[in-house]
Amino acid sequence: MATEKSVMVPDTRVLLDLKNSKGHGFYCFKYDELYLYALRPSMLKGSNNKDKIKSIKEAELKDDDIIICAYPKCGTHWLWEVIEMVKSGTIQYQKDVKETRMMEFIFKDGIEAVAPPRVFNTHLPLRMLPTQVVERKVKCIQIMRNPKDACVSFFNHCRDMEKPYGYDGDFAEFTEAFLSGKMPFGSYSTYLLAWKAEVAASPELPVLNLFYEDMKFDPVKTVKDIAKFLSLTSTDQFCEEVALACSFKKMKTVDEEMKVELPIKLWKDGTKGTFYRKGEIGDWKNWFTVAENEKFDQIWNEQMKDSGFEFTYAPV
Ligand code: A3P
């Protein structure tokens, strides 16, 4: 079981060591009860991780901003491209990668510097977002995914990434971290329960809750739901075109051929690191043993009991 102790990591920062007894896991810092990965000092330009995250709360927003809220690996890239198209009324891919609009990556100054119209995204809980989200009633769209596919997707992501992820444990070990929350962004169950409670405490906040699996089964309906939520008039034909343009295959190709990459190395050498891995419902069946699946169900069901969340685990 991972314990929480501070260590000096190789580039001279003091972080919490969340590694397990085999020495596999993550170094994180903790802010407002949430574990987060620490950016390198070179990316923080003289500030530190906690102050940068804290700064997000003070960011000035605009009334027509939109924020995608999601636990990692639940379909943020997909949803971001869809919303940008619906909002602009054109079938045009964003040249930038969605990380350029990720609140915990660009912080207050970066948020305020984005030119409108703006679609941000974040894995942070509502309590850590700009106070103006609630004050200005900024539209929030939450996308959720079944926890087993999210876990598999997050494992591949963490394993293939450069540090600060650069996960070195196996899938079973990762599943333990995913369920216990001893990792960046904490556990998915904690995220969902916090989301539900924090949204309930702000009943005026306009929120659309979506599911990855619904978007997969009927992408056109999801595009229409988004247009309606944003009070936009979109023809059936346009919604169909958006759904098609944002299919997994199209987005993977666009990512490989036309996106402006970030000026940092994301993926470890020798991996096939990508944000567009498989894009399927039910891949978890290729990863969990029967015993691991039973254990996952037991822990997950206990954590989520009486929460009211229901997930789809297989394609129809
Ligand atoms: P897999 O790893 O299961 O393939 P996020 O954008 O939140 O990081 O989520 C990434 C997950 O969404 C990955 O899941 C990725 O393949 C999937 N994804 C990305 N674009 C998609 C699309 N257009 N359709 C379906 N799934 C998509």
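In case you missed it, the structure is sitting above this.
Residues numbered from 1 in each chain as written. Predicted model: local features only at pLDDT ≥ 70, side-chain atom pairs only at ≥ 80, totals over all residues. Heavy atoms only, no water.

A.B. asks: I would appreciate a short explanation of the packing of aromatic side chains in the present structure.
C.D. replies: Each aromatic ring pair is summarised here by two numbers: the centre-to-centre distance and the angle between the ring planes. Summed over all chains, the structure comprises 32 aromatic pairs. Ring centres of tryptophan 78 and tyrosine 212 lie 5.2 Å apart, and the angle between their planes is 80°; this geometry places the pair in the edge-to-face category. Of this pair, tryptophan 78 sits in helix H3 (residues 76-88) while tyrosine 212 sits in helix H9 (residues 212-217); the two residues are 134 residues apart in sequence, bridging distant segments of the chain. The pair tryptophan 78 / tyrosine 212 is uniform in exposure class, with both members buried. Ring geometry for tryptophan 300 and phenylalanine 311: centres 6.3 Å apart, planes at 65°, overall edge-to-face. Of this pair, tryptophan 300 sits in helix H13 (residues 290-304) while phenylalanine 311 sits in the segment after H13, and the two are eleven residues apart along the sequence. No difference in accessibility class separates tryptophan 300 from phenylalanine 311, as the two residues are buried. Across the ring face of tyrosine 212, the terminal group of arginine 145 is positioned such that the distance to the ring centre comes to 4.0 Å. (Phe/Tyr/Trp six-rings, centres within 6.5 Å; stacked < 30°, edge-to-face > 60°. Helix = DSSP H or I, 4+ residues; strand = E, 2+ residues; numbered from the N terminus. Buried < 20%, exposed > 50% of the residue type's maximum accessible area, 1.4 Å probe, protein only. Lys NZ or Arg CZ within 6 Å of the ring centre and 35° of its normal.)

A.B. asks: In this structure, what is going on with the sheet that holds strand E1 (residues 5-8)? I would like to understand it.
C.D. replies: Two orientations exist for strands paired in a sheet by backbone hydrogen bonds: parallel and antiparallel. Pairing is antiparallel across the open sheet formed by four strands, whose spatial order is E1-E2-E3-E4. At either margin of the open sheet sits one strand with a lone partner, and together these are E1 and strand E4 (34-36). Within the sheet, the average angular offset between the axes of one strand and its neighbour, ignoring direction, is 55°. In this sheet, strand E3 (residues 27-31) lies alongside strand E2 (residues 14-17) in antiparallel orientation, the contact comprising two bridges. If you follow leucine 16 over to E3, its bridge partner there is cysteine 28. (Pairing = 2+ DSSP bridges. Axes fitted to C-alpha atoms, helices over the stretch in contact; angles between N-to-C directions.)

A.B. asks: What's the story with the site of the ligand in this structure? I'm lost.
C.D. replies: Taken together, 18 residues sit near the ligand, with His77, Ser153, Tyr212, Lys278 and Gly279 positioned nearest. In this structure, an oxygen atom belonging to the ligand sits 2.9 Å away from a main-chain N or O atom of threonine 76. Lysine 278 places a main-chain nitrogen or oxygen 2.6 Å from an oxygen atom of the ligand. Isolated, the ligand exposes 570 Å² of accessible area, and the fraction of that covered by the protein chains is 98%. Sorting elements by how many residues they give to the shell around the ligand places H3 first, with three residues. Of the residues that constitute the shell around the ligand, the class distribution is eight nonpolar, six polar and four charged. (Near = heavy atom within 4 Å. Polar contact = N/O pair within 3.5 Å; in protein donor to acceptor, adjacent residues only side chain to side chain. Areas by Shrake-Rupley, 256 points an atom, 1.4 Å probe, with all protein chains shown as cover. Nonpolar A, V, L, I, M, F, W, Y, C, P; charged D, E, K, R; others polar.)

A.B. asks: Would you explain the side chain of glutamate 213 in this entry?
C.D. replies: Here glutamate 213 is to be found in helix H9. In this structure, glutamate 213 is buried with no salt-bridge partner, the nearest side chain bearing the opposite charge being arginine 145 at 4.8 Å. Within the structure, the side chain of glutamate 213 is placed 2.8 Å from the backbone nitrogen of asparagine 146, a separation counted as a polar contact. (Lys, Arg positive; Asp, Glu negative; His and termini not counted. Salt bridge = Lys/Arg side-chain N within 4 Å of Asp/Glu carboxyl O.)

A.B. asks: Explain the state of the cysteines here, please?
C.D. replies: Covalently bonding the sulfur atom of one cysteine to the sulfur atom of another cysteine gives a disulfide. What the rule picks out here adds up to zero disulfides. Free cysteine cysteine 28: the closest other cysteine sulfur is in cysteine 158, separated by 9.6 Å. Using a relative accessible area of 0% as the deciding quantity, one classes cysteine 28 as buried. Cysteine cysteine 151 remains unbridged, with the sulfur of cysteine 158 as its closest cysteine sulfur at 9.6 Å. (Disulfide = S-S within 2.5 Å.)

A.B. asks: What's the story with the pairing of strand E6 (residues 119-122) in this structure? I'm lost.
C.D. replies: The side chains of a regular strand alternate, first on one face of the sheet and then on the other. Side chains Val119 and Asn121 project from E6 onto one buried face, and the interleaved Phe120 and Thr122 project onto a second face that is buried too. Examined bridge by bridge, strand E5 (residues 66-69) and E6 share four bridges and lie parallel to one another. Among the inter-strand pairings, isoleucine 66 is bridged to a residue of E6, identified as valine 119.

A.B. asks: Even after reading the chapter, I still don't get unusual backbone geometry, so can you show me in this structure?
C.D. replies: Most peptide bonds adopt trans geometry, and most residues besides glycine take a negative phi value. Of note, the bond from proline 116 into proline 117 is cis; its omega dihedral lies within 30 degrees of zero at 0°. Within the fold, proline 117 resides in the loop between helix H4 (103-113) and E6. Phi is positive for aspartate 32, which is not a glycine, with a value near 50°. Its location among the elements puts aspartate 32 in the loop between E3 and E4. A relative accessible area of 35% places aspartate 32 in the partly exposed class. Positive phi values are uncommon outside glycine, yet serine 231 reaches one of about 55°. Relative to the helices and strands, serine 231 is located in the loop between helix H10 (219-229) and helix H11 (236-245).

A.B. asks: Any chance you could explain the packing of helix H8 (residues 188-200) against H13 here in plain terms?
C.D. replies: For any two helices packed against each other, one specifies the inter-axial angle together with the distance between the axes. Contact pair H8 / H13: the axes reach a minimum separation of 10 Å and the direction vectors enclose 20°. With respect to H13, the element H8 is oriented roughly parallel. Along this stretch, H8 crosses H13, giving a crossing that reads as right-handed. Between H8, through Tyr188, Ser189, Leu192 and Leu193, and H13, the contact on the second element is made entirely by Trp300, Gln303 and Met304. (Parallel < 35°, antiparallel > 145°, perpendicular 65-115°, else oblique. Left-handed = near helix turned anticlockwise from the far one by under 90°. Contact = heavy atoms within 4.5 Å.)

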